[in-house]
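# Overview (structure and organization)
Each chain is listed here by its residues.
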Amino acid sequence: MKSYNIAVIPGDGTGPEVIGEAVKVLDAASQKFNLKLNYTHYDLGGERYMKTKETLPDSVIAELRKFPAILLGAIGHPQVKPGILEKGILLRLRFELEQYINLRPVKLYDERFCPLKDKKPEDIDFVVVRENNEGLYTGSGGFVFKGTPNEVAIQESVNTRRGVERCIRYAFEYARARRGGKPWKGLSAADLAAGKKSQLTLCGKTNVLTFAFDLWERAFHEIGEKEYPDVKLAYAHVDATTMWFVKNPEWFDVIVTDNMFGDIITDLGAMIQGGMGIAAGGNINPQGASMFEPIGGSAPKYTGQGVINPLAAICAGAMMLDFLGERKAAHAIETSVMKITREKVKSLAAGKMGYSTSQMGDLVVANL
């Protein structure tokens, strides 16, 4: 029996509720596939911050480095000023654990939940590989004459050759694997089985951001043409990408982009796949501790009501198993989620599913 140590951060708002259902499903899948998951829970989030004024102690960072995977519920508290928890916990975890890839599958399970006319599951099935440690999110910049009429605010986008190259290489490997090549950490069993045609699209803004995306574009072509001749290369400006997500999402296979653009286009991706209730993501360090989460946030207005959709957290658990190499268990969870989405659920929105939060978890377990 294989055994894995997993760190769990339930977090704020509805985070503990959805994580409870994710763990329920993970335990059922583990039993079915002869695995053992050993959970260690960490109290990080808004409540802890309000009591202790601590966001993420150094000792906790040191402990988290030792885990292969972290399951995160949500970070965000209505009584804590925006930015404190996000920078102090989320960004610090991503940066200090060097989770330099944000991986966001965008996959439609049922056309009823897609807001786009005449789009079916076969039309919306792509992955965004977002650089997760650089860009505008490094916090580089500052103020001059703050609080005066002459105030100047500077926010700098930091892009290193090392950071850009490792993100692009990951994306190329992922794109190649989706066609049935060598498996790559983070690639789902369903993608492997489907034998997808391999195409990698660079999403940028080369006509305006002529320094940062000159580096991205040069690295993209140099690496792709030399090392990945079997992967088709494509380019799209970020504004065009958002248009095509709506008009022709079937054009996309794997997309690679920087931190800011990736943050924006993945939320649009979540909407066309059915909403935040089904959208999961991974913060990946291919050689270290990686973190998996639903991307919808803490949704504090639904806390404690038992109406929040846990499927995104359950899908995040499946991504975690896949990253750990347990592809059969991950595929079983994804298949179960797909089945109940198509056959049972009335809506993916909180309070409109036709089932409570815990009942949704029970349905996934029953259909494993």
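None of the values given here were measured: they were computed from a predicted structure. (Residues numbered from 1 in each chain as written. Predicted model: local features only at pLDDT ≥ 70, side-chain atom pairs only at ≥ 80, totals over all residues. Heavy atoms only, no water.)

## Comments concerning the pattern of salt bridges
Tallied over the full model, the rule gives 25 salt bridges. The salt bridge involving D58 is made with R92; its shortest N-O contact spans 2.4 Å. Residue D58 is found in helix α3 (residues 58–64), and its partner R92 is found in helix α4 (residues 84–96); the two are separated by 34 residues along the sequence. Its salt-bridge partner being D239, residue K205 comes within 2.9 Å of it at the nearest N-O pair. With K205 in the loop between β8 (199–204) and α7 (212–227) and D239 in helix α8 (residues 238–247), the pair connects residues that are 34 residues apart, well separated along the chain. On the basis of relative accessibility, which here comes to 17%, the residue K205 falls in the buried class. Of the residues examined, D239 reaches a relative accessible area of 40% and is grouped as partly exposed. (Salt bridge = Lys/Arg side-chain N within 4 Å of Asp/Glu carboxyl O. Helix = DSSP H or I, 4+ residues; strand = E, 2+ residues; numbered from the N terminus. Buried < 20%, exposed > 50% of the residue type's maximum accessible area, 1.4 Å probe, protein only.)

## Here we look at helix α11 (residues 327–343)
Because the α-helix completes a turn every 3.6 residues, residues three or four places apart line up on one side. In a regular helix each residue adds 1.5 Å, so 17 residues correspond to 24 Å; α11 covers 24 Å between its end C-alpha atoms and thus fits that length. If you check which residues of α11 are buried, you get A329, A330, A332, I333, E334, S336, V337, M338, I340 and T341. (Expected span 1.5 Å × (residues − 1).)

## Here's the deal with the environment of T52
Structurally, T52 is set in helix α2 (residues 46–52). Classification of T52 as partly exposed rests on a relative accessible area of 40%.

## Re the nonpolar core
The biggest cluster of nonpolar side chains holds 86 residues, and the ones touching the most others in it are V129 and V256. Among the elements that take part in this core, helix α10 (residues 311–323) stands out by supplying ten residues, more than any other. Residue contacts for V256: discarding those within four places in its chain leaves V129, C167, I168, A171, L200, T201, L202, C203, W216 and F220. Of all hydrophobic cores here, the second largest spans 21 residues; its members include A7, Y42, I70 and L85. (Core = buried A, V, L, I, M, F, W, Y, C linked by side-chain atoms within 4.5 Å. Contact = heavy atoms within 4.5 Å.)

## Brief notes about the state of the cysteines
Enumeration over the complete set of coordinates arrives at zero disulfides. There is no disulfide at C203, and the cysteine sulfur nearest it, in C167, is 12 Å away. Using a relative accessible area of 0% as the deciding quantity, one classes C203 as buried. Distance from the sulfur of C315, which forms no disulfide, to the nearest cysteine sulfur (C114) is 16 Å. Exposure remark for C315: the relative accessible area of 10% places this residue in the buried category. (Disulfide = S-S within 2.5 Å.)

## Details of the packing of aromatic side chains
Tallying each qualifying case throughout the model produces eleven aromatic pairs. Here F126 and F252 contribute two aromatic rings whose centre-to-centre distance is 5.9 Å and whose plane-to-plane angle is 55°, an arrangement assigned as tilted. Highlighted residues: F126 in strand β5 (residues 125–131) and F252 in the loop between α8 and β10 (254–257), separated in sequence by 126 residues. Neither residue differs from the other here; F126 and F252 are each classed as buried. For the ring pair F172 and Y228, a centre distance of 4.8 Å and an interplane angle of 5° mean the geometry is stacked. Note that F172 is positioned in helix α5 (residues 161–178) and Y228 in the loop between α7 and β9 (232–237), a separation of 56 residues in sequence. (Phe/Tyr/Trp six-rings, centres within 6.5 Å; stacked < 30°, edge-to-face > 60°.)

These values are about where atoms sit, not about what they do.
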